[in-house]
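Report on the structure
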Amino acid sequence: PLKGYWEMKREKRGSVAVSAVILGAAVVVMTASNLFTGFIFNTNNLQTYNMFGMSAFLIGAVFIWCIAQWCVTSLMNGEGKFGDIFIATCTALWPYIVINTVAILLSRVLLKTEGDFYYVLAAAAIIYSVALIIVGVMQTHNFTAAKTALAILITVVVILLMVFIGMVVALCQQLIAFVKDISTEVILRI
């Protein structure tokens, strides 16, 4: 992985278009995992499952990660541009795509007593992708291991702040709509 990310960054081996396709494939695999995992292992309520909401969640999570990482690493003298961060992040989704596809297929034929195979594959897909994201941050910005850990920690804090600010804005909009509705009701009653 270190050499691959080094070549992606220094020799321009990755492209934004291919990364967008990889992200699309991850969305498809996540949706397939939620919909087509064998009924023994599927904990989703398929009656209320929102495919578009979950797809938007994954795409939004990737973009929020990239934006927050770009902001943080720009202040930490990172060498990566936004496109490099996006390419590295989407490339890290390959293990999730491949291993989860195998896990979905296995879940259709495994018995409940053999469920450990499915759970180990599902966990391995996520762990390997997270490990690749960490390596991607390190190589994209040419950071040491300690500086990478610090950058990731600060990035997670920035993401939490972004989500909090988004929730406050949404709450303020609802409050304004509520005040408008109350004032309209009072005016109509008078």
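In this section: the layout of surface pockets. Approximately 690 Å³ is the volume found for the largest pocket. Around the largest pocket sit 23 residues that line it, and L58, A61, L93, V130 and I133 are the ones nearest its centre. Contributions of two or more residues to the lining of the largest pocket are made by α2 (16-36), α3 (51-75), α6 (115-141) and α7 (145-189). Looking at which element gives the most residues to the lining of the largest pocket, the answer is α3, with seven residues. Taken together, the residues that form the lining of the largest pocket break down as 20 nonpolar, three polar and no charged.

Attention now moves to helix α4 (residues 82-91). Every α-helix carries 3.6 residues per turn, so stepping three or four residues along brings you back to the same face. A large share of α4 lies buried, amounting to eight of its 10 residues. Among the residues of α4, those classed as buried are D84, I85, F86, I87, A88, T89, C90 and T91.

Applying the stated rule across the entire model yields two cavities of 30 Å³ or more. If you go around the largest cavity, the residues you meet are Y5, M8, K9, D84, I87, A88 and T140. Put simply, the parts of the chain that give the lining of the largest cavity at least two residues each are α1 (2-10) and α4. Broken down by class, the residue content of the lining of the largest cavity amounts to four nonpolar, one polar and two charged. There is about 40 Å³ of room inside the second largest cavity. Lining the second largest cavity are W65, Q69, I85, A88, T89, I133, G136, V137 and T140. Elements with a minimum of two residues in the lining of the second largest cavity: α3, α4 and α6. Of all the elements, α6 adds the most residues to the lining of the second largest cavity, at four residues. A class-by-class count of the residues in the lining of the second largest cavity yields five nonpolar, four polar and no charged.

Okay, the packing of α3 against α6 next. A pair of packed helices is characterised by two quantities: the angle between their axes and the separation of those axes. Relative to each other, α3 and α6 sit at 40 degrees, their axes nearing to 12 Å. The orientation of α3 relative to α6 falls into the category oblique. Of the two elements, α3 crosses α6, and the hand of that crossing is right-handed. Residues W65, Q69 and T73 of α3 form the contact with α6, whose participating residues are I133, V137 and H141. A class-by-class count of the residues in the contact of α3 with α6 yields three nonpolar, three polar and no charged.

Checked against the element boundaries, T73 lands in helix α3. The contact partners of T73, leaving out residues within four places of it in the chain, are G78, I85, H141, F143 and A151.

All right, on to the packing of helix α5 (residues 94-107) against α6 then. Remark: α5 packs on α6, axes separated minimally by 8 Å, with the N-to-C direction vectors making an angle of 175 degrees. With respect to α6, the element α5 is oriented roughly antiparallel. Listed contacts from α6 to P95, Y96, I99, N100, V102, A103, L106 and S107 of α5 are Y118, L121, A122, A124, A125, I126, Y128, S129 and L132. Grouping the amino acids of the contact of α5 with α6 by side-chain chemistry returns 14 nonpolar, three polar and no charged.

What counts as what
- Residues numbered from 1 in each chain as written.
- Predicted model: local features only at pLDDT ≥ 70, side-chain atom pairs only at ≥ 80, totals over all residues.
- Heavy atoms only, no water.
- 1 Å grid on protein atoms, 1.4 Å probe; cavity = no way out; pocket = protein on both sides within 12 Å on 5 of 7 lines; lining within 4 Å.
- Points joined across faces, edges and corners; volume = space filled by probe spheres on them.
- Helix = DSSP H or I, 4+ residues; strand = E, 2+ residues; numbered from the N terminus.
- Nonpolar A, V, L, I, M, F, W, Y, C, P; charged D, E, K, R; others polar.
- Buried < 20%, exposed > 50% of the residue type's maximum accessible area, 1.4 Å probe, protein only.
- Axes fitted to C-alpha atoms, helices over the stretch in contact; angles between N-to-C directions.
- Parallel < 35°, antiparallel > 145°, perpendicular 65-115°, else oblique.
- Left-handed = near helix turned anticlockwise from the far one by under 90°.
- Contact = heavy atoms within 4.5 Å.

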